[in-house]
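Results of the structural survey
Residues per chain, in single letters:
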Amino acid sequence: MMSMLSKDKYYEAFGDLLYAMALADGGIQEVEEVTMKERLQLYPDSQKIIDRFFQNKDEHNTVAFAYMKAIEVCKVHGPDPEYAFLLELLVAVARAYMGIVPDERKILDTFIR
C-alpha cells in the first residue's frame, strides 16, 4: 500500500529526527551539523532535510517536540527502505560529539522499534 504522505513531509521528518539527535546531548555542536551535511551531500532532496533541521533550530524546538513530529510522520508513511540510511545518519550524528550518550541511545532505540 502506497502512503498518501508527500515526500516533502517525509524528508522534513528526517530533518526533525536529525535535529532531535543533535540536540539530545545538551546542545547542537558544529561537528554534528558538518557530519549531517557531509553525509547528505549525495542524498536526493537533502536540502529539504537540512532546511528542516535549521528551521527546528531557529524555532528552538525541544528534542521531544521534534522527535514526536517525526515519529508521527514515519508512522503514517509506514516502512521504507530509506530508514536504513536515516538510521546510519542518526548514528553518525550521535557519534560526532562525545560518542553516543544515553539520551541519544534512547532516540535510536525508540526509532528502531
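Presented here is an overview of the structure given in this document.

So, how was this worked out
- Residues numbered from 1 in each chain as written.
- Predicted model: local features only at pLDDT ≥ 70, side-chain atom pairs only at ≥ 80, totals over all residues.
- Heavy atoms only, no water.
- Helix = DSSP H or I, 4+ residues; strand = E, 2+ residues; numbered from the N terminus.
- Buried < 20%, exposed > 50% of the residue type's maximum accessible area, 1.4 Å probe, protein only.
- Contact = heavy atoms within 4.5 Å.
- Core = buried A, V, L, I, M, F, W, Y, C linked by side-chain atoms within 4.5 Å.
- Phe/Tyr/Trp six-rings, centres within 6.5 Å; stacked < 30°, edge-to-face > 60°.
- Arc of directions from axis to C-beta.
- Polar contact = N/O pair within 3.5 Å; in protein donor to acceptor, adjacent residues only side chain to side chain.

1. Thoughts on the environment of V93
Checked against the element boundaries, V93 lands in helix α5 (residues 82–96). The exposure class assigned to V93 is buried, which follows from its relative accessible area of 1%. Separated by 63 residues in sequence, V93 and E30 have C-alpha atoms that sit 11 Å apart. Those residues in contact with V93, other than ones at most four positions away along the chain, are L18, M21, A22, E32, T35 and M36.

2. Describing the nonpolar core
With 34 residues, the main nonpolar core has L17, L18, L40, L90 and F111 as its most contacted residues. Listing elements by their share of this core, those giving two or more residues are α1 (7–23), α2 (30–40), α3 (46–59), α4 (63–77), α5 and α6 (102–112). In terms of residue count, the dominant contributor to this core is α1 (ten residues). Sequence-distant contacts of L17, defined by excluding residues within four places in its chain, comprise Y67, A70, I71, C74, L86, L90 and F111.

3. Thoughts on the packing of aromatic side chains
In this structure the tally under the stated criterion is ten aromatic pairs. Geometrically, the ring pair formed by Y11 and Y43 is edge-to-face, given 6.0 Å between the ring centres and 90 degrees between the ring planes. Of this pair, Y11 sits in helix α1 while Y43 is found in the loop between α2 and α3, placing the two residues 32 residues apart along the sequence. By the burial criterion, Y11 is buried, and Y43 matches it.

4. With respect to α2
Considered for burial, the residues of α2 that qualify are E32, E33, T35, M36 and L40. The buried residues of α2 occupy one face: seen down the axis, they fall within an arc of 160 degrees. The outward face of α2, more than 90 degrees from its buried face, is lined by the exposed residues E30 and E38. Contacts from the buried residues of α2 go to α1, α3, α5 and α6.

5. Brief notes about the side chain of E82
Within the fold, E82 resides in helix α5. Residue classification places E82 among the buried positions, given a relative accessible area of 19%. A polar contact is formed between the side chain of E82 and the side chain of K7, at a distance of 2.8 Å. Those residues in contact with E82, other than ones at most four positions away along the chain, are K7, Y10, Y11, F14 and Y43.

6. Overview of the environment of K48
Take K48: it is sitting in helix α3. Considering only alpha carbons, one finds K48 and K9, 39 residues apart in sequence, at a separation of 9.3 Å. Residue contacts for K48: discarding those within four places in its chain leaves D8 and Y11. Here the side chain of K48 touches D8 through a polar contact of 2.7 Å, side chain to side chain.

Purely geometric stuff here, so don't read any function into it on its own.
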